[in-house]
Amino acid sequence: MRECREEAERRGWPVGDVYVDNDRSAYRGKRRPEFVRLVDDLKAGDRDAVIVYHQDRLTRSPRELEDFVDLYEAVGLRGFASVSGGAYDLATGDGRLMARVQGAFARKESDDKSRRGRSKHRQLAEAGELSGGGTRPYGYAPDRKTIVPEEAAVIRDAAKRTLAGESMRSITADLNDRGIATVKGGRWTPVTLRQILISARVAGLRSLGDEIVAKAVWPKILDVGTSERLRALLLDPARRTSRPVRRYALAGLLRCHKCTTVLVSRPRTDGTRRYVCPTGEPRGGCGGVVALADPIERWIAEAVLYRLDTPEMARAMQGAKRDDAAADDAQAELSDALSRQDDLAAMFAAAEISRREWLAARAPIETRVERAKKRVAKFSRAPLIDEYVGHSNRLRDRWADLNLDRQRAIIAAVLDHAIVGPAVRGRKTFDPSRVTPVWKR
Ligand SMILES: [Zn+2]
C-alpha cells in the first residue's frame, strides 16, 4: 500500500480509495469482495485510474484480465500502473499483450514450481515415446514407428558415404540428381541431410532438446555406433566454425537498458547460466545488468507464444509474403557456401592444406555464409512460424521438445530484441517487468 501511494504521488494522481483483499494465495479462485467493489466503482465512473502493486494481484485469471480490459475500454479509464511491473497501457495492443503474458507467466510459474523438470514431455521422452506433430521424419511412415525401407536405405547409404569421407554437398547433389526427394518432396540440402544423420531418432533413441534421454519405442535405422561416429564427425567444431552450439537461447537478443549493449552469456562459477552486460573491450558495455538465464528464457518463450496469436502478428506475416524463387535462390547460395566451408575443413582435416591456408581461405567463405544466412533468414521467417500464427497452442505443446537452435530461430522470427532493465532491489524472484520485448513488425 505504501508503495502504491508513493506511485500515486509520483504521478500526481489523488488517491480516491484503497481496495485491499487480504488473501495471499494468489490463484485459488476465492471471491474477492474488494475487487468486486473496485469494479463497481469503475463502472460507476467514480474512479478514472488504478494503481496496483503487481498486476498479478489485480487479475488472477486470463478471464478476469480480459474482463478488466473490456471494462477499461468501456469506461474509458485514463491510467493503469503497477508499482513493480511498470505501466502497461491497456489501451494499446502491445500493452494488453504484455499484461496477458505477465498474468499467464505468473500463473504458470506458480503452477509449475513443483512439477518443473518432470513435464509431460519429459515423462514421454524418458519412456522413449513419440513426440507428436509436424511433418513425419524422413525414414519413417506417418505413424513415426514404421520404417520406410527405401528411405532407410537412403539414410544408411548417406551415412556410409559420409563416414567414408564424402562431403554433404556431394551426397546431396547425388540424391538430387537421382530424383530422390526429401520428406516434403523437395530438393536435398547439406543442412537437411546433416540433421537427419546426427539425429537421435535414426539411432532409435529419444532425445529431449539436445539431450538423449531414452531408448525409443521406434526401431532404429542406423546402429548406435554408426550414429555416434556420424555425430562425432558432423558435430566436430572444425566443421561448424560459424555455428557454435548455443546453450543460450537468447544469445544476441537481449540488450542492456542503460547502454543498449548486447548482453553476453556468462555463467556463475557454480554454472548457473546468466546474461550480463559485458564491460571492457571489445564490446564496451557498462556492466550494469546481470540476469539469470532460466527465468528470462521461460518468460520470453511465453511472450513469443502469446505474440503469435495477436492480430499485429497476423498482419506482420501478411507483409512477409513469400517470394518462392528468391527464397530458393538464397537457400541454394547458403547450401553452396556451407558445403564449401565443409570441404575446406575436410581438406584441412585430411592434411591436404596447411592450417595457414585453411585460415586464409576460411575468412571470405565465412563472410559469404553469414551474408547468405541473412538472406535465408529473411525468407525463412514466414515458413518457420506460418503454421503457428494464431495457433500458438500447437507450438506450446511441442516447445520443450524443440532443440535450442529451433527455439531460438522461432524466437528470433518474432522478437527483434528485448531490453533488460535493472533488478528490483530486494526482490528474490524473477520480475518479468524487467524485460521489455521489441517485436519484429
Ligand atoms: Zn550496459
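Residues numbered from 1 in each chain as written. Predicted model: local features only at pLDDT ≥ 70, side-chain atom pairs only at ≥ 80, totals over all residues. Heavy atoms only, no water.

So, the overall build of the protein chain
For the protein chain, the helix and strand inventory stands at 16 helices and 10 strands. By residue count, 44% of the 441 residues in the protein chain fall in the buried class. Residue pairs at least 24 apart in sequence account for 63% of intrachain contacts in the protein chain once pairs closer than 6 positions are excluded. (Helix = DSSP H or I, 4+ residues; strand = E, 2+ residues; numbered from the N terminus. Buried < 20%, exposed > 50% of the residue type's maximum accessible area, 1.4 Å probe, protein only. Contact = heavy atoms within 4.5 Å.)

Digging into the environment of R37
With respect to the helices and strands, the residue R37 is situated in helix α2 (residues 33-43). Using a relative accessible area of 31% as the deciding quantity, one classes R37 as partly exposed. Apart from the residues within four sequence positions on either side, R37 is in contact with D17, V18 and Y19.

Details of the coordination of the zinc ion
Surrounding the zinc ion are the protein donor atoms C256 (SG), C259 (SG), C277 (SG) and C286 (SG), which sit 2.2 to 2.3 Å from the metal. Coordination at the zinc ion is tetrahedral, judged from the 4 donor atoms that bind it and the angles of 100 to 116 degrees they form at the metal. (Donors = N, O, S within 2.8 Å, 3.2 Å for Na, K, Ca; no water. Tetrahedral: all angles 85-135°; square planar, octahedral: opposite > 155°, others 65-115°.)

Overview of helix α8 (residues 168-177)
Considered for burial, the residues of α8 that qualify are M168, I171, T172, L175 and N176. For α8, the angular spread of buried residues about the axis comes to 135 degrees, placing them on one side. Remark: G179 follows α8 within two positions and exhibits a positive phi of approximately 70 degrees. (Arc of directions from axis to C-beta.)

Quick notes on the sheet that holds strand β10 (residues 435-439)
A sheet is described by the order of its strands in space; here 3 strands give the open sequence β5-β9-β10, paired in mixed fashion. Taken across any chain shown, the strands that pair with only one partner, and hence form the sheet edges, are β5 (254-256) and β10. Pairwise comparison of adjacent strand axes, ignoring direction, gives a mean angle of 30 degrees for this sheet. Summarising the sheet, strand β9 (residues 415-420) and β10 pair through 5 bridges and their orientation is antiparallel. Looking across to β10, one finds that L415 is bridged to W439. Those strands touched by helix α11 (residues 293-308) are β5, β9 and β10, and its axis lies near 40 degrees from that of β10. Across the sheet, helix α16 (residues 404-414) touches β9 and β10, and the angle it forms with β9 is around 90 degrees. (Pairing = 2+ DSSP bridges. Axes fitted to C-alpha atoms, helices over the stretch in contact; angles between N-to-C directions.)

A few points about the sheet that holds strand β7 (residues 274-276)
On the basis of which strands lie adjacent, the open sheet formed by 3 strands has the order β6-β7-β8 and antiparallel pairing. In this open sheet, the two edge strands, each paired with only one partner strand, are β6 (264-265) and β8 (290-292). Pairing between β7 and β8: 3 bridges, direction antiparallel. The residue bridging Y275 from the neighbouring strand is A291, located in β8. Along the sheet face, α11 touches β7 and β8 and points at about 75 degrees away from the line of β8.

Notes on the confidence of the model for the protein chain
Mean pLDDT over the protein chain stands at 80; residues scoring 70 or higher make up 83%. Between residues 240-246, whose pLDDT stays under 50, and residues either more than four places distant or in other chains, the model counts 17 contacts. (pLDDT = per-residue confidence, 0-100.)

A short note on the packing of aromatic side chains
In the structure shown here, the tally under the stated rule is 2 aromatic pairs. Measuring from centroid to centroid gives 4.9 Å for Y138 and W188, while their planes differ by 85 degrees, and the two rings are edge-to-face. Separated by 50 residues along the polypeptide, Y138 in the loop between α6 (120-126) and α7 (149-163) and W188 in the loop between α8 and α9 (190-198) bring together distant segments of the chain. Neither Y138 nor W188 differs from the other in exposure class; each is buried. (Phe/Tyr/Trp six-rings, centres within 6.5 Å; stacked < 30°, edge-to-face > 60°.)

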